[in-house]
Amino acid sequence: MRVLSGIQPTGSIHIGSYLGAIKQWIELQEKNECIFFIADLHALTIPRDPKTFPEDVFEMTVELLASGLNPEKCIIFVQSQIKEHTELTWLLNTITPVGELRRMTQYKQKARQFKKNVNAGLLDYPVLQAADILLYQTDFVPVGKDQLQHLELTRTIARKFNQRFGKTFKEPKPLLLKIGEKIMALNDPRKKMSKSLPETCLYLFDEPEIIKKKIMAAVTDPGKIIKYNPQKKPGISNLLAIYSLFSKKSIKELEKKFKSLGYARFKKSLAELLINSLKPFRQKRKELLTREVYVKEILEQGRKKAQIIAQSTMTEVRQKMGLF
Ligand code: TRP
């Protein structure tokens, strides 16, 4: 099966997005033909600093590789390096009703959040996403719940194109990920850990002292018993969930082990576990940061492979639409 997904080069990868998404990408690459890319064009719908933007893309590439994406098992590239994405976006624009775009929840949210910059790109964002997906004749798209509406629109656009111009695109199916549904913010366990709120995040590449500081400062609940109860004890429950996911021990086991040892001992043990579990990620990232030529070569190889598929789809699309 061909699997495709994209990630914006905004912010570092935190443990919520790792456990909720990237880890699944890494598992998927074992048995599927996977294409992953850095969605820099999508990121531009919010103003970015042209001086630091290339570094953001490089950093995201390094972080994905350090997290376990293997360039021998998947294609990894930068969206803006393949012009077919924007070319197909334009053509799909001509069959996409504006009304459907205005109805998109993410558009409505962002239009509210960035009132002074409701640019056309913000509205057209889902069409670019549809182009990303349809260009590669994708079977499955791993996405979080917030992107399901965009995927449904992609299917609608594909169907419409196929009806009007003859069967051209596969209709992709979502592969629902639980992004940020497992891991809550350390400083406010009723909120999700989210990259739009950096102060809520524990990053995959945080240094040991930072991990320790963040875990020891994590908000807990009244009482001292270590028990999983997300309603009554959201803080401790979140820490138990993190402990369980990184240690592969069940929550029951952990409750038994820590039951009456107190919050401080439990947190200290969790900090140690995280410092050790995340060590390989930190090391790999640091190593890759010193190997710029190697990382850029991976992106170049990815670009070449992806472009072959993208160009073949575009040849067919141009023909079907009767372009000169
Ligand atoms: N919009 C997605 C997000 O913010 C990123 C994205 C861009 C994407 N193109 C895609 C995801 C294509 C899946 C498929 O999460």
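### A closer look at unusual backbone geometry
Thought 1: At Gln 137, a position not held by glycine, the phi torsion is positive, near 50°.
Thought 2: Relative to the helices and strands, Gln 137 is located in the loop between helix H7 (120-135) and strand E4 (140-143).
Thought 3: Phi at Lys 248 is positive, roughly 60°, even though this residue is not glycine.
Thought 4: Among the structural elements, Lys 248 can be located in the loop between helix H10 (234-247) and helix H11 (251-258).

### Some thoughts on the site of the ligand
Thought 1: Lining the immediate surroundings of the ligand are 14 residues, of which His 42, Tyr 125, Gln 129, Asp 132 and Gln 147 lie closest.
Thought 2: Take Gln 8: an N or O atom from its side chain is 3.4 Å from an oxygen atom of the ligand.
Thought 3: Here Asp 132 contributes a side-chain N or O atom positioned 2.7 Å from a nitrogen atom of the ligand.
Thought 4: Looking at the shell around the ligand element by element, the count peaks at four residues for H7.
Thought 5: When its residues are assigned to classes, the shell around the ligand shows seven nonpolar, six polar and one charged.

### Quick word on the domain arrangement of the protein chain
Thought 1: As assigned here, the protein chain comprises domain 1 (2-180 + 292-321) and domain 2 (205-286).
Thought 2: Averaged C-alpha coordinates put domain 1 and domain 2 at centres separated by 34 Å.
Thought 3: When domain 1 packs against domain 2, close to 820 Å² is buried across both sides, 75% of that on carbon and sulfur atoms.
Thought 4: Interface area lost by domain 1 to domain 2 is led by Ile 15, Leu 19 and Ala 66, which between them contribute 53%.
Thought 5: Put simply, domain 1 and domain 2 have one salt bridge between them.
Thought 6: Its salt-bridge partner being Glu 59, residue Arg 285 comes within 2.9 Å of it at the nearest N-O pair.

Quick notes on the rules
Residues numbered from 1 in each chain as written. Predicted model: local features only at pLDDT ≥ 70, side-chain atom pairs only at ≥ 80, totals over all residues. Heavy atoms only, no water. Helix = DSSP H or I, 4+ residues; strand = E, 2+ residues; numbered from the N terminus. Near = heavy atom within 4 Å. Polar contact = N/O pair within 3.5 Å; in protein donor to acceptor, adjacent residues only side chain to side chain. Nonpolar A, V, L, I, M, F, W, Y, C, P; charged D, E, K, R; others polar. Domains from an automatic or database assignment. Buried area = accessible area lost by both parts, 1.4 Å probe. Salt bridge = Lys/Arg side-chain N within 4 Å of Asp/Glu carboxyl O.

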